[in-house]
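Residues per chain, in single letters:
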Amino acid sequence: MYNLKVLEIFKNPKNVGTVKGANGVAKVENNACGDIMKIYIKVSEEGIIEDAKFKTYGCPAAIASTSVATELIKGKTVEEANLISSEQILQILGELPEEKNYCPILAEETIKAVIEDYYKKKEKEEKSI
Ligand code: FES
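Let me begin by describing the structure that accompanies this report.

We now examine a negative patch on the surface. Together, Glu45, Glu46, Glu50 and Glu125 line one region of the surface with negative charge. Tracing the backbone shows glutamate 45 in the loop between β2 (36-43) and β3 (49-57).

What follows is the structure, encoded as structure tokens:
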């Protein structure tokens, strides 16, 4: 069973939705369970993640993990956000049932993927100038 913290975040997740004018978007799927996480970020000229939102199709642990992930990256530089680990996410959630331990890892992968997308878009933009 889930602990109270996970249930609380699952019932009131933070940052659900999409970001208007996002300059980074990524969707990551876990083929084993079918869960899908999608994160949108808006990064300022100075490289700070001003906004982050998510849409997750999955279990309470997957939703809670993505909620925590978006909270952790908001306000950080992209370099700092790229260093966020699944262990940090798990630490905030507390314990998860063993079969759900992959959820924070998928959230970390989604953070890395959205930052990669941001870098790709930025590079493309710079090339077109
Ligand atoms: Fe599917 Fe966690 S990622 S159960």
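That shown, we press on.
What follows covers the pattern of salt bridges. If you walk through the whole model with that rule in mind, you get seven salt bridges. In this structure, aspartate 51 and lysine 53 form a salt bridge, with 3.6 Å as the shortest nitrogen-oxygen distance. The shortest N-O distance in the salt bridge between lysine 122 and glutamate 126 comes to 3.8 Å. Of this pair, lysine 122 and glutamate 126 both sit in helix α5 (residues 102-127), four residues apart, roughly one helical turn. For lysine 122, a relative accessible area of 35% corresponds to the partly exposed category. Taken together, the salt bridges that share partners define one network made up of Asp51, Lys53 and Lys74.

Right, let's get into α5. End to end, α5 covers 37 Å across 26 residues, agreeing with the expected 38 Å (1.5 Å per residue, within 8%). Regarding α5, the residues found buried are Cys103, Pro104, Leu106, Ala107, Glu108, Thr110, Ile111, Val114, Ile115, Asp117 and Tyr118.

At asparagine 15, a residue that is not glycine, the phi angle is positive and equals roughly 65°. Note that asparagine 15 resides in the loop between α1 (4-11) and β1 (24-29).

It is at 8 Å that the axes of helix α4 (residues 86-93) and α5 come closest, and there the two elements cross at 130°. It follows from the interaxial angle that α4 and α5 lie oblique. In the packing of α4 onto α5, the handedness of the crossing is right-handed. Note on element contacts: α5 touches α4 through Pro104, Ile105, Ala107, Glu108 and Ile111, opposite Ser86, Ile89 and Leu90. Per-class residue counts for the contact of α4 with α5 are six nonpolar, one polar and one charged.

Below, the discussion takes up the pairing of β3. Looking along a regular strand, one sees the side chains alternate between the two faces of the sheet. Summarising the sheet, β2 and β3 pair through eight bridges and their orientation is antiparallel. Its bridge partner lying in β3, isoleucine 41 is registered against alanine 52. Counted along the chain from β2 to the antiparallel partner β3, the turn is five residues long, and its residue glycine 47 has a positive phi close to 85°.

Definitions and cut-offs
Residues numbered from 1 in each chain as written. Predicted model: local features only at pLDDT ≥ 70, side-chain atom pairs only at ≥ 80, totals over all residues. Heavy atoms only, no water. Patch = residues over 30% accessible without salt bridge, like charges linked within 9 Å, V, L, I, M, F, W, Y side chains within 5 Å. Areas by Shrake-Rupley, 256 points an atom, 1.4 Å probe, with all protein chains shown as cover. Salt bridge = Lys/Arg side-chain N within 4 Å of Asp/Glu carboxyl O. Lys, Arg positive; Asp, Glu negative; His and termini not counted. Charge placed at Lys NZ, Arg CZ, Asp CG, Glu CD. Helix = DSSP H or I, 4+ residues; strand = E, 2+ residues; numbered from the N terminus. Buried < 20%, exposed > 50% of the residue type's maximum accessible area, 1.4 Å probe, protein only. Expected span 1.5 Å × (residues − 1). Axes fitted to C-alpha atoms, helices over the stretch in contact; angles between N-to-C directions. Parallel < 35°, antiparallel > 145°, perpendicular 65-115°, else oblique. Left-handed = near helix turned anticlockwise from the far one by under 90°. Contact = heavy atoms within 4.5 Å. Nonpolar A, V, L, I, M, F, W, Y, C, P; charged D, E, K, R; others polar. Pairing = 2+ DSSP bridges.

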